[in-house]
Amino acid sequence: MRAAQDAPVIALAGNPNVGKSTVFNALTGSRQHTGNWSGKTVSNAYGVLRCGGKRLTLVDLPGTYSLRARSAEEQAARGFLASGEADAVILVADATCLERNLILVLQVLEITSRAVLCLNLMDEARKKRIRIDVPALERELGIPVVPCAARRGRGLPELTKAVCRVLEQAPPSHTAHIRYPDAVETAVQQSGLPRAAALETLVRDPPPGLSAGRLDDMVTAAAAQRAEEIALTCVQVPAAACARDRRIDRIVLSRRWGVALMLLLLATVFYITLSGANVPSAWLGEHLLGLSAPLAAALSALGLPPFAVSLLTDGLWRVLATVVSVMLPPMAIFFPLFTLLEDAGYLPRVAFQLDHAFQRAHACGKQSLTMCLGAKWMRPPS
């Protein structure tokens, strides 16, 4: 890619549900699907970002909460960043829950210091009366921090300029780092490898006295603790900011009502999809298949032999008409309904609710969303 385009490569990384794809679309002008369920992005998307007369290649990495490479999304994001192909990284964070997002930010800074933090959803943070000391956050992290509201287009020009400055200037001499326990720090220093590579090697081959699981827990806990320290320094969250979310979570994630409510809600979505698709499917099937006779007459008038007319009308056209009439109406109903659940923030809660059950099958709760998307029972038009 670099040889073909001869343009600096900028990676776009962030947690799921932080508006990363919205930032990507706004910066590149691409029409990429945006969503907030976990694991939405399964491959890297490419776009062109222009900064003055300079052409940059923007790479939208899969949304991930960590770089510990436990899932396919984490492996893809970590692999791209560790490859050194990216000249800089835009880290998109949710201003309404910055502490959780800082874990990924700190892990990325262990790989590269050429980064810019895009503090997205600042308009939502203001509504919740969350105050973020941006200069203090810049001092703590050691990288530029740009407040943004990507949906409204606010802060994006400043973000582009910050990226260009990072490319033009030397890497910062000091960035925030995670303080690991002494045993881990000693092993990292003795390895002689870069910090991120050393940690990855240690997780695969832990030092004596530590299991891989115990070491991974220690590394994760240290990252969470450092993120909490930075958030306490730079973020002021009023006590009532998340009160509504907690009240909702007590219902939708409760042990008594959570699973029942989820099954009822998904069953309602599927019922509306199936029953609502019958009428438009029948209408489309009747009208599209009704064009077979006029199409056959037109092809015969053009002098095509009977076998060719039958192949095009009874074969190609009837198959195409049937597929469109059966598939289009359910999709036109199901995906908008699923998008409403997505925008309401319910789908990540579904993934969390089912994570424990899916782990028993050596899977994760995020796969429940894929199963929902694939579970469509469609009936051909009568």
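Procedures and definitions
The numbering scheme is per chain: residues are counted from 1 as the chain's sequence reads. Since the coordinates come from a predicted model, pLDDT governs what is reported: local features require at least 70, and pairs of side-chain atoms require 80 or more to be given and counted, while whole-chain, interface and lining totals use all residues. No hydrogens and no water enter the side-chain calculation; it runs on all heavy atoms of the structure. Only protein chains enter the accessibility calculation, which uses a 1.4 Å probe. A residue is then buried if its area is under 20% of the maximum for its type, exposed if over 50%, and partly exposed in between. Labels follow the DSSP assignment, with helices taken as runs of H or I lasting at least four residues and strands as runs of E lasting at least two, numbered in each case from the N terminus. Look down the strands so they point away from you; if going from the first strand over the helix to the second traces a clockwise path, that crossover is right-handed. At least two bridges found by DSSP between two strands are what make those strands a pair. What makes a salt bridge here is a side-chain nitrogen of Lys or Arg within 4 Å of a carboxyl oxygen of Asp or Glu, nothing more.

This brings us to the pairing of strand 5 (residues 115–120). Along any regular strand the residues' side chains alternate between the sheet's two faces. The buried count for strand 5 comes to 6 of 6 residues, which makes it a mostly enclosed element. Residues of strand 5 alternate between two faces, with Ala115, Leu117 and Leu119 on one and Val116, Cys118 and Asn120 on the opposite face, all of them buried. For the handedness criterion, the β-α-β arrangement of strand 4 (residues 88–94), helix 4 (residues 98–109) and strand 5 is classed as right-handed. In the sheet, strand 5 pairs with strand 7 (residues 145–147) via 3 bridges, with the strands oriented parallel. Bridge pairing in strand 7 links Cys118 to Val146.

We now examine the side chain of Gln353. Structurally, Gln353 can be placed in helix 15 (residues 346–359). Relative accessible area serves as the criterion here: at 18%, Gln353 is assigned to the buried category.

The next subject is the pattern of salt bridges. Throughout the structure, instances matching the rule amount to 10 salt bridges. Where Glu110 meets Arg195, a salt bridge forms, and the shortest distance between an N and an O atom there is 3.5 Å. Highlighted residues: Glu110 in the loop between helix 4 and strand 5 and Arg195 in helix 9 (residues 195–204), separated in sequence by 85 residues. Arg195 gets classed as partly exposed once you look at its relative accessible area, which sits at 22%. Salt-bridge contacts for Arg226 lead to Glu140; the nearest nitrogen and oxygen are separated by 3.9 Å. With Arg226 in helix 10 (residues 212–234) and Glu140 in helix 6 (residues 134–141), this residue pair connects regions lying 86 residues apart in the sequence. A relative accessible area of 26% means that Glu140 is categorised as partly exposed. Among the ionic contacts, a cluster of salt bridges with common partners joins Glu140, Arg179, Arg226 and Glu229.

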